[in-house]
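Residue strings, one per chain:
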Amino acid sequence: MALVGSFSFNSFLFGVLSCTGTAFLAICLWIQVNKENKKFKDLAPKRAFADFVLSNLVFHLVIMNFFDRCPSPILNVVFMSCKNVV
Amino acid sequence: MAAVESLPPGTPSAMRNAFGTVLSALILVLIGVLAFSIRLFSVIKYESVIHEFDPYFNYRVTQFLSKNGIYEFWNWFDDRTWYPLGRVIGGTVYPGLTLTAGTIWWVLNSINIPLSVETVCVFTAPVFSAFASWATYLLTKEVKGSGAGLAAAALLAMVPSYISRSVAGSYDNEAVAIFALIFTFYLYIKTLNTGSLFYATLNAIAYFYMVCSWGGYTFIINLIPMHVLLCIVTGRYSPRLYIAYAPLVVLGTLLAALVPVVGFNAVLTSEHFASFLVFIIIHVVALVYYIKGILTPKMFKVAVTLVVSIGLVVCLIVVAVLVALVASSPTGGWSGRSLSLLDPTYASKYIPIIASVSEHQPPTWPSYFMDINVLAFLVPAGIIACFSPLSDASSFVVLYIVMSVYFSGVMVRLMLVLAPAACIMSGIALSQAFDVFTGSIKYQLSSKSKDNAEDNTSTKNAPKDDASSGKTDKGEEVSKERSSKKGKKKEREPAEKLSVKSKIVKKKALVLPLEASIVALLLLIMLGAFYVIHCVWAAAEAYSAPSIVLTSQSHDGLHVFDDFRESYAWLSHNTDVDDKVASWWDYGYQTTAMANRTVIVDNNTWNNTHIATVGTAMSSPEKAAWEIFNSLDVKYVLVVFGGVIGYPSDDINKFLWMVRIGGGEFPHIKEADYLRDGQYRIDSEATPTMLNCLMYKLCYYRFVETDGKGYDRVRRTEIGKKYFKLTHFEEVFTSHHWMVRIYKLKPQKNRIRGRVKKLKQKTSSGVSSKSVKKNPWM
């Protein structure tokens, strides 16, 4: 497994997981907001959306830590400054 | 407890609820104080010192963190240990504990409370055990209600198994990890009960804290998928289950991959595959339910056949790939420690280092009673109580206790994971029992007063009824008792049918006789009293020894044996900063932390060959040992010897592991050479290999001068070889009670007589002796 541990595995992981992770969080939002779902009748849609935003925030904060190296120098500068904020 | 929000203030039930809430809060504060104070025995009996071996490493890392900051900590390469290999601390340590203590120290110092790092380290464990008991309250409240929660929290504050790993001074990973474990489970159950994505996010963050703290996080990431699978299989699939599980897997795996120790292991090793498998399964199930809701039954059947046929092909391909991947690694993808949990005989066959740690042995039956005491027979009652009614949360705690009982049977160290589960179950059992008994007493007393009231009112109304009720007044209690026992209530109440309310008839199914309830209540309270007495005794006598300072009571008072610290202080004052010290791996952490000298091997035991090298040196004769140590740049050798005072965990008792581990790597060390009749002996019956090896010589050099006969108090015999000189080592330090002995390697002589002759003989006989496996150092 030549890909393991190198920066390309990092970026592969980041790519796959950010797409799938956002998809699953959206499924959770859909479950909660869907009017046909009797169990979630008393959950206000605004609360469900707020939870969705929070979980996405945490998720992307985590994902951002996976770029420590980036091929393009311009993007690198952008991400490095983001990381200093974090 | 009933919900408080919807009740208007001032009504009696709202007042009762408010009173109940205040009372619970007060009880929880007291439980926290109890959990903190019961762990302070060692600070009172000895002093505020760090115990054992592993905590010294954590203390050293925390010192480094507090001095140099967090970026240096992440990038720290330690060259003071595992000489000449070094150790990447940033990448191989679980940072949770040190970061927590470092943060607490930094916060306190920034608000000008000048606590030293050592004080913070010593008291971290008791503080977090208070938090852990509050987390247990929250968890059990989600399962069964706040009465059970309070009982479980009180039990966890005192359970000896948890005390043993979290006394003041035991600054080890478990101190924080058990709190993280219970808190993660609480958030999981809360998400399961409410279905809110907010708690799911919090759950993932708590799981991240757990991954940071302890290698035992694999227990969580395997238990939760097992529970999800159980729920699906028993038909309890619901959208809340999906929300509880899917974000945890995605977010949790990513967060776990962020911790440097785990890294890509989070997606590559077999310990995590269970979570991915169940992730796929839960999506399949969710999809099936969704499609079932959309399609008509006929279309559904067509869709099922289509999907199954395609799916089988895809599945087979994926499974083939997975099997190839797993089979390509010799352990099937599992790490050595996890494999030894699944197959308890694995470690003793293949990895003697894991088998040699005393904490990794299976526990004995008495240790169960010592560690969880009364809870051992309250747990089955709790399991039964969980089944009535069975909810998602109670099925989870049942699964938790079953799994933890299995693992605690494999390794003594994992009794610690059993403790919270046992406390939760026992709390539930106790709470249900108290409910039944107090309910019966309340009912019996109220029905007694009701009988009296009705007797008074009915005397004027119906003489017949009065007569019957008057006659059977006393018999009423007896008949009620008998009836509740036999269940034939309705037949025996001709006169009372009109006055008895219907709901009391329903409640009568659980009513026990008054005297029995009172006696049972008293017995339960006495049970609790015995538990408390045992826990306090265990904390004070059994689990408070710092093991770096020993005491013993004798007829002429208290003796204190402070030899370890005396020798480490000698080392730090009388040797150069760059001198290397060789000892057995047990003392590595203490030597680097207290004596501040470079060591060859330490308690991390990550490199088996290096440890085997030291073991071989200890088992070889003096010259060979000198060669080995010289090749490692060693200047001083440290041995621990308990023969003068009777200290049983000294190096001679550990010698068999040195031989085994050394012999595992270097075949010229054969265990049979050291055994006489299958036993290691050091008296006159010992084998000549044993009497000539370095460990024997370093331990017993000049030993005969102590009492004239050389009587070893631990082995209870006189030693075999009493008068001998050391040729390659010289003694530089022996502590007050002869517990620690330090030797220096003698420098090589400039000229050795007869050396030229030996070389000539070697070259002539070199060709003929090729078949014999030679000692690599000669």
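What you see is a predicted model; the values in this text were computed from it and never measured. (Residues numbered from 1 in each chain as written. Chains lettered and ligands numbered in written order. Predicted model: local features only at pLDDT ≥ 70, side-chain atom pairs only at ≥ 80, totals over all residues. Heavy atoms only, no water.)

Participant: Any chance you could explain the overall build of chain B here in plain terms?
Facilitator: Counting secondary structure elements, chain B contains 35 helices and 13 strands. Counting the 778 residues in chain B, one finds 49% classified as buried. Considering only intrachain contacts with a sequence separation of at least 6, the fraction spanning at least 24 residues in chain B is 71%. Total accessible area on chain B stands at roughly 37400 Å², and carbon and sulfur atoms take up 64% of it. (Helix = DSSP H or I, 4+ residues; strand = E, 2+ residues; numbered from the N terminus. Buried < 20%, exposed > 50% of the residue type's maximum accessible area, 1.4 Å probe, protein only. Contact = heavy atoms within 4.5 Å. Areas by Shrake-Rupley, 256 points an atom, 1.4 Å probe, with all protein chains shown as cover.)

Participant: It is not clear to me how the overall build of chain A should be interpreted in this structure. Could you clarify?
Facilitator: In terms of regular secondary structure, chain A is built from three helices and zero strands. Mapped from its N terminus to its C terminus, chain A presents α and β elements in the order α-α-α. Here chain A holds 86 residues, and the buried ones make up 29% of them. Counting only contacts in chain A whose residues sit at least 6 apart along the sequence, the fraction spanning at least 24 positions is 55%. Of the roughly 5600 Å² that chain A leaves accessible, carbon and sulfur atoms contribute 71%.

Participant: Teacher, can you tell me more about the packing of aromatic side chains here?
Facilitator: For any pair of aromatic rings, the description rests on two quantities: the centre-to-centre distance and the angle between the ring planes. Residues and elements named next belong to chain B. Enumeration over the complete set of coordinates arrives at 37 aromatic pairs over all chains. Between the aromatic rings of Phe128 and Phe131, the centroid separation amounts to 5.3 Å while the plane-to-plane angle is 80°, which identifies the pairing as edge-to-face. Of this pair, Phe128 and Phe131 both sit in helix α7 (residues 117-144), separated by three residues, roughly a single helical turn. Looking at Phe128, the relative accessible area reads 6%, which means it is buried. Centre to centre, the rings of Phe564 and Tyr647 are 6.2 Å apart; their planes meet at 75°, and the pair counts as edge-to-face. Separated by 83 residues along the polypeptide, Phe564 in helix α27 (residues 563-574) and Tyr647 in the loop between β7 (636-640) and α31 (655-665) bring together distant segments of the chain. Here Phe564 falls in the buried class, since its relative accessible area comes to 2%. According to the relative accessible area criterion, Tyr647 is buried, its value standing at 13%. (Phe/Tyr/Trp six-rings, centres within 6.5 Å; stacked < 30°, edge-to-face > 60°.)

Participant: Is there a simple way to explain the interface of chain B and chain A in this structure?
Facilitator: Reports often express the size of an interface as the amount of accessible area lost when the parts come together. Opposite the 26 residues of chain B that make contact, chain A presents 29 residues. Summed over both sides, the interface of chain B with chain A buries roughly 2400 Å², with 85% coming from carbon and sulfur. Seen at the junction of chain B and chain A, the total is zero salt bridges. Our enumeration of links across chain B and chain A arrives at two residue pairs in polar contact (both at pLDDT 80 or more). Counting only elements with at least two residues in the side of chain B that touches chain A, the list comes to α11 (197-213), α13 (239-258), α14 (265-268) and α15 (270-294) of chain B. Per-element accounting of the side of chain B that touches chain A gives the leading share, 11 residues, to α13 of chain B. Among the residues forming the side of chain B that touches chain A, the class breakdown is 19 nonpolar, six polar and one charged. (Buried area = accessible area lost by both parts, 1.4 Å probe. Salt bridge = Lys/Arg side-chain N within 4 Å of Asp/Glu carboxyl O. Polar contact = N/O pair within 3.5 Å; in protein donor to acceptor, adjacent residues only side chain to side chain. Nonpolar A, V, L, I, M, F, W, Y, C, P; charged D, E, K, R; others polar.)

Participant: How should the state of the cysteines be read in this particular structure?
Facilitator: Formally, a disulfide is one covalent bond, and it connects the sulfur atom of one cysteine to the sulfur atom of another. For the structure on display, the rule yields zero disulfides over all chains. No disulfide involves Cys28 of chain A; its sulfur sits 16 Å from that of Cys231 of chain B, the nearest cysteine. Free of any disulfide, Cys386 of chain B has its nearest neighbouring cysteine sulfur in Cys231 of chain B, separated by 13 Å. Its relative accessible area of 0% is what places Cys386 of chain B among the buried residues. (Disulfide = S-S within 2.5 Å.)

Participant: Would you take a moment to explain the pairing of strand β12 (residues 729-734) of chain B for this structure?
Facilitator: A regular strand places its side chains so that they alternate between the two faces of the sheet. Sheet topology places β12 of chain B next to strand β13 (residues 740-745) of chain B; five bridges connect them, and they run antiparallel. Bridged to Phe729 of chain B within β13 of chain B is Leu745 of chain B. (Pairing = 2+ DSSP bridges.)

Participant: Explanation requested: the sheet that holds strand β6 (residues 598-599) of chain B in the structure shown.
Facilitator: Neighbouring strands of a sheet are bound in pairs by backbone hydrogen bonds; such pairs are parallel or else antiparallel. Residue and element names in this part refer to chain B. A sheet is described by the order of its strands in space; here five strands give the open sequence β6-β5-β7-β13-β12, paired in mixed fashion. Of all the strands in the sheet, just β6 and β12 have a single pairing partner and so form its edges. Against the sheet, α27 contacts β5 (580-582), β7, β12 and β13, and its axis sits at roughly 25° relative to β13. (Axes fitted to C-alpha atoms, helices over the stretch in contact; angles between N-to-C directions.)

Participant: Explain the environment of Asp579 of chain B to me, please; I cannot follow it from the model alone.
Facilitator: Residues and elements named next belong to chain B. Considering the arrangement of structural elements, one finds Asp579 in the loop between α27 and β5. With 172 residues separating them in the primary sequence, Asp579 and Phe407 have C-alpha atoms 43 Å apart. Those residues in contact with Asp579 that lie beyond four places of it in its chain are Arg597, Thr598, Lys635 and Tyr636. Of the polar contacts made by the side chain of Asp579, one reaches the backbone nitrogen of Asp576; its length is 3.0 Å.

Participant: Honestly, the nonpolar core in this entry has me stumped. Any pointers?
Facilitator: One recurring pattern in soluble globular proteins: nonpolar side chains tend to sit buried together. Residue and element names in this part refer to chain B. Ranked by size, the top nonpolar core spans 216 residues in total, and within it Phe185, Phe629, Tyr700 and Phe729 carry the most contacts. In terms of domain composition, this core takes at least three residues from each of domain 1 (205-333) and domain 2 (560-745). If we skip the residues at most four places from it in the chain, Phe629 touches Ala582, Ala617, Met618, Val634, Val637, Leu694, Phe729 and Leu745. (Core = buried A, V, L, I, M, F, W, Y, C linked by side-chain atoms within 4.5 Å. Domains from an automatic or database assignment.)

Participant: Please explain unusual backbone geometry as it appears in this structure.
Facilitator: Excluding glycine, residues mostly have negative phi values, and the peptide bonds linking residues are mostly trans. Residues and elements named next belong to chain B. The amide bond that connects Tyr83 to the next residue, Pro84, takes the cis arrangement and shows omega of 0°. Relative to the elements of secondary structure, Pro84 occurs in the loop between β1 (77-78) and β2 (87-88). With an omega dihedral of 0°, the bond running from Ser388 to Pro389 counts as a cis peptide bond. With respect to the secondary-structure elements, Pro389 resides in the loop between α21 (375-386) and α22 (392-410). Positive phi, normally seen in glycine, also occurs at Thr605, with a value near 45°. Topologically, Thr605 is positioned in the loop between β6 and α29 (608-619). When its relative accessible area of 16% is taken as the criterion, Thr605 is described as buried.

Participant: Could you clarify how one ought to interpret the domain arrangement of chain B in this entry?
Facilitator: By domain assignment, chain B separates into domain 1 (205-333) and domain 2 (560-745). Of note, the centres of domain 1 of chain B and domain 2 of chain B, computed from C-alpha atoms alone, are 51 Å apart.

Participant: How should I be thinking about the pattern of salt bridges in this particular structure?
Facilitator: Two side chains with opposite charge may pair up if their charged atoms get near one another. Residues and elements named next belong to chain B. In the structure shown here, the tally under the stated rule is 21 salt bridges over all chains. Two residues, Glu705 and Arg702, come together in a salt bridge whose shortest N-O distance is 2.9 Å. With a relative accessible area of 51%, Glu705 lands in the exposed category.

Participant: Hey, could you run me through the packing of α13 of chain B against α15 of chain B in this one?
Facilitator: The angle between the axes and the distance between the axes are what describe a pair of packed helices. All names here are of chain B. Contact geometry for α13 and α15: axes closest at 11 Å, N-to-C directions at 140°. Between α13 and α15, the angle falls in the class oblique. Regarding α13 and α15, the two cross each other, and that crossing is left-handed. Side by side, α13 and α15 meet where Leu241, Tyr242, Tyr245, Ala246, Val249, Val250 and Thr253 of the first sit next to Ser275, Phe276, Val278, Phe279, Ile282 and His283 of the second. (Parallel < 35°, antiparallel > 145°, perpendicular 65-115°, else oblique. Left-handed = near helix turned anticlockwise from the far one by under 90°.)

Participant: Can you walk me through the confidence of the model for chain B in this structure?
Facilitator: A low pLDDT means the predicted coordinates there should not be read in detail. All names here are of chain B. When pLDDT is averaged along chain B, the result is 82, and 85% of the positions lie at 70 or above. Across residues 458-500, confidence stays below pLDDT 50; counting only partners more than four residues off in sequence or on other chains, it has 37 contacts. Predicted as a complex, the structure gets a pTM of 0.82 and an ipTM equal to 0.77. (pLDDT = per-residue confidence, 0-100.)

Participant: How do you make sense of the environment of Met158 of chain B when you look at a structure like this?
Facilitator: Residue and element names in this part refer to chain B. Tracing the sequence through the fold places Met158 in helix α8 (residues 146-158). Sequence separation between Met158 and Cys423 is 265 residues, and the spatial gap between their C-alpha atoms is 9.8 Å. Look past the residues within four positions of Met158 in its chain and what remains in contact with it is Leu34, Ile38, Ile163, Tyr531, Val532 and Cys535.

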